[in-house]
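Fold and geometry: a report
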Amino acid sequence: MHPIPASSHRAAHDHEIESLAEFDAVVAEHGSLARFRVQAVDLTGRTDVLLRLDTTGAVFLGCPMDPGAAAHVAAAGALVFPPVPGLPFDPYRAFAYTPDELFDSLAEGYEATPDARAYAWFQRTKADGDVFASMLRAIHDDAVSDALDELLVGARVVGVMGGHAMARGTAAYAGAARLGRALTRAGFTVATGGGPGAMEAANLGAYAAPFADDMLEDALRLLAKAPSFRPSVTDWARAAFEVRERWPGGGASVGIPTWFYGHEPPNAFAAHIGKYFANATREDGLLARSTAGVVFLPGAAGTVQEIFDNATPNYYESRGEPTPMVLVDDGHWTRELPAWPLLRSLARGRAMESRIALVDRIEQAAEALKRLGG
């Protein structure tokens, strides 16, 4: 899998440890764990290290370790938040999800996957008023945000927004895929809402970017045999993994979906998936990270909401200089759902006025985005 074209190296002052290799490197370099934050690292094989090193002010988040070692570091001045048993997810996770992780056990059917089991847990707990469950969701979502921030350092991220109803096998789906490919080849990192439809198409296009052009056309034909995630998420996901197995090592992109919309499974073409329980956190985070602009494909209520969620900080310049916004499909955004006239009225006389555009065809979107971005 081709990496995201960005530097994800931490600054020298960063005291987070997120892997066993990093733990060993810190121990070798510093000879101390004082004031470090160790996140979701299995330390059951590092008991001798934990018993001899200074852990004053250290924080261990969801790190499996020997009970004696846990008691020792806590007595020495560390805070220890132990792993939570029985959960279908790790609230302290250090990295974004991968498709293989979320769709593990797909051979047994989608219901057996970690993604489906996390959604089932969410359904059971979201309305029961249990402060522990709501705390676990909040910790998980904060960990996902931290992972995305680290992943996207220095990346030129373009958001591609659009509805989940866009079916494989359609001209619109193929156009969205070509857009994702064009943006990736131009050096952008494509970020989507991570679900089916237009979102999957853009992630697919990014995946196809390193290959010859005919690869995408062949992949589109393979995917068309399972046009939608309804009625079977299992068949829909298996078709995507068939494409990935036939053409391994595709280009990287980001998907940021949510378990709030349980009917929308994540797609398998985003290399890095930041999945949230809280949709509001997810929406704001997706748009805020789209620092090089956003392309809005035809969609319904969710896409309309995203247009104006993105327009508001551009209007007030609360995130700095306004970022480009490109709406695709004149008829959709001026007649069916007339968001464009309102957006243009809001922008009039403000800095964002020169950063918005409406194009009729998806093939025009990448060029419009580059033009608006200067």
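Below or above, wherever it landed, is the structure these notes cover.

Reading the values: rules and limits
Counting of residues starts from 1 at the beginning of each chain's written sequence and follows it residue by residue. Local features in this predicted model are restricted to residues of pLDDT 70 or higher, and side-chain atom pairs are both shown and tallied only at a pLDDT of 80 or more, whereas totals for entire chains, interfaces and linings draw on every residue. Note: side-chain values were computed over all heavy atoms of the structure, leaving out hydrogens and water. Here a strand is any run of E in DSSP of at least two residues, a helix any run of H or I of at least four, and the numbering for each starts at the N terminus. Only protein chains enter the accessibility calculation, which uses a 1.4 Å probe; a residue is then buried when its area is under 20% of its type maximum, exposed when over 50%, and partly exposed in between. Only the protein chains shown count as covering a residue, and every accessible area follows the Shrake-Rupley method with a 1.4 Å probe. Counted as positive: Lys and Arg. Counted as negative: Asp and Glu, with His and the chain ends omitted from the count. All charge positions are set by atom: Lys at NZ, Arg at CZ, Asp at CG, Glu at CD. Expected helix span is given by 1.5 Å per residue-to-residue step, counting one fewer step than there are residues. Contacts were defined at the residue level, with two residues in contact if any of their heavy atoms lie within 4.5 Å. Salt bridges are defined by distance alone: a side-chain nitrogen of Lys or Arg within 4 Å of a carboxyl oxygen of Asp or Glu. What makes a patch is a set of residues exposed beyond 30% relative accessible area and free of salt bridges, joined within 9 Å when like-charged and within 5 Å when nonpolar (Val, Leu, Ile, Met, Phe, Trp, Tyr). Note on pairing: two strands pair once DSSP finds at least 2 bridges between them. Definition of nonpolar core: a set of buried residues of the types Ala, Val, Leu, Ile, Met, Phe, Trp, Tyr and Cys, connected through side-chain atoms within 4.5 Å. Between the N-to-C directions of two axes lies an angle of 0 to 180 degrees, each axis being a line fitted to C-alpha atoms and, for a helix, fitted only over the stretch in contact. Any angle from 65 to 115 degrees is called roughly perpendicular, while one under 35 is roughly parallel, one over 145 is roughly antiparallel, and all others are oblique. Put simply, Ala, Val, Leu, Ile, Met, Phe, Trp, Tyr, Cys and Pro go in the nonpolar bin, Asp, Glu, Lys and Arg in the charged bin, and everything else, Gly too, in the polar bin.

Some details on the overall build of the chain
- Of the regular secondary structure elements, the chain holds 15 helices and 11 strands.
- Along the first, second and third principal axes, the C-alpha set of the chain runs to 65 × 50 × 45 Å.
- Across the 374 residues of the chain, 52% fall into the buried class.
- For the chain, the accessible surface area stands at approximately 15900 Å², while carbon and sulfur atoms represent 55% of it.
- A gap of 5 Å separates the mean positions of the 33 positive and 46 negative side-chain charges of the chain.

Some remarks on helix α7 (residues 171-185)
- With 15 residues, α7 extends 21 Å from end C-alpha to end C-alpha; this agrees with the ideal 21 Å at 1.5 Å per step.
- Taken together, the buried residues of α7 touch β5 (157-161), β6 (189-192), α8 (198-208), α9 (213-223), β9 (294-296) and α15 (365-372).

Brief notes about the pattern of salt bridges
- Inspection of the entire model under this criterion finds 17 salt bridges.
- A salt bridge links Glu101 to Arg93, with the nearest nitrogen and oxygen atoms 3.0 Å apart.
- Here Asp218 makes a salt bridge to Arg221, at a shortest N to O gap of 2.3 Å. In this pair, Asp218 and Arg221 are both assigned in helix α9, three residues apart and thus about one turn of the helix distant.
- Residue classification places Asp218 among the partly exposed residues on the basis of a relative accessible area of 26%.
- What makes Arg221 exposed here is its relative accessible area of 57%.
- A single salt-bridge network, built from bridges that share partners, covers Arg181, Arg185 and Asp213.

Observations regarding a nonpolar patch on the surface
- On the surface, a nonpolar cluster with roughly 300 Å² of combined accessible area is contributed by Val131, Phe132 and Met135.
- Tracing the chain through its elements places Phe132 in helix α6 (residues 131-151).

Here's the deal with helix α5 (residues 114-125)
- Counted at 1.5 Å a residue, the expected span for α5 with its 12 residues is 16 Å, and the 16 Å between its end C-alpha atoms agrees.
- Of all the residues in α5, the buried ones are Pro114, Asp115, Ala116, Ala118, Trp121, Phe122 and Thr125.

A closer look at the environment of Leu372
- Structurally, Leu372 is set in helix α15.
- Look at Leu372 and you get buried, because its relative accessible area is 9%.
- Put simply, Leu372 and Ile356 are 16 residues apart on the chain and 7.2 Å apart in space, counted from C-alpha to C-alpha.
- Those residues within four positions of Leu372 in sequence are excluded, and the remaining contacts are Pro324, Met325, Val326, Ser354, Arg355, Ile356 and Ala357.

A look at the sheet that holds strand β3 (residues 59-61)
- The strand order across the open sheet formed by four strands is β1-β2-β3-β4, and the pairing between neighbours is parallel. The open sheet terminates on both sides in strands that have one partner only, identified here as β1 (16-17) and β4 (79-81).
- The sheet contact formed by β1 and strand β2 (residues 37-39) spans two bridges and is parallel. Paired with Ile17 across the bridge in β2 is Val38.

Topic: the sheet that holds strand β7 (residues 254-255)
- Across the sheet, seven strands lie side by side as β8-β7-β6-β5-β9-β10-β11; this open sheet has parallel pairing. At either end of the open sheet lies a strand with only one pairing partner, and these are β8 (272-273) and β11 (356-359).
- As judged from the two bridges shared by β7 and β8, these two strands associate in the parallel manner. For Gly255, the partnering residue across the bridge sits in β8 and is Ile273.

Re unusual backbone geometry
- Cis geometry is adopted by the peptide bond preceding Pro231, which originates at Arg230 and carries an omega value of 10°.
- Mapped onto the elements, Pro231 comes out in the loop between α9 and α10 (233-246).
- Positive phi, normally seen in glycine, also occurs at Arg35, with a value near 65°.
- One can find Arg35 in the loop between α1 (20-30) and β2.

Some details on the nonpolar core
- Core analysis: the biggest nonpolar cluster contains 53 residues, and Leu179, Leu183, Leu204, Val295, Leu297 and Val326 have the highest contact counts within it.
- When contributions to this core are tallied by element, the ones reaching two or more residues are β5, α7, α8, α9, α10, β10 (325-328), β11 and α15.
- Beyond its immediate sequence surroundings of up to four residues, Val326 is in contact with Val294, Val295, Phe296, Ala357, Val359, Ala365, Ala368, Leu369 and Leu372.
- Counting 43 residues, the second largest nonpolar core, distinct from the first, contains Ala133, Tyr276, Ala311 and Ala347.

A closer look at the packing of α7 against α15
- For the pair α7 and α15, the least separation of the axes is 9 Å and the interaxial angle reads 40°. If you check the angle between α7 and α15, you find them oblique. Residues Leu179, Ala182 and Leu183 of α7 pack against Ala365, Ala366 and Leu369 of α15.
- Classifying every residue of the contact of α7 with α15 by side-chain character gives six nonpolar, no polar and no charged.

It is worth stressing that arrangement in space is one thing and function is another; only the former is reported here.
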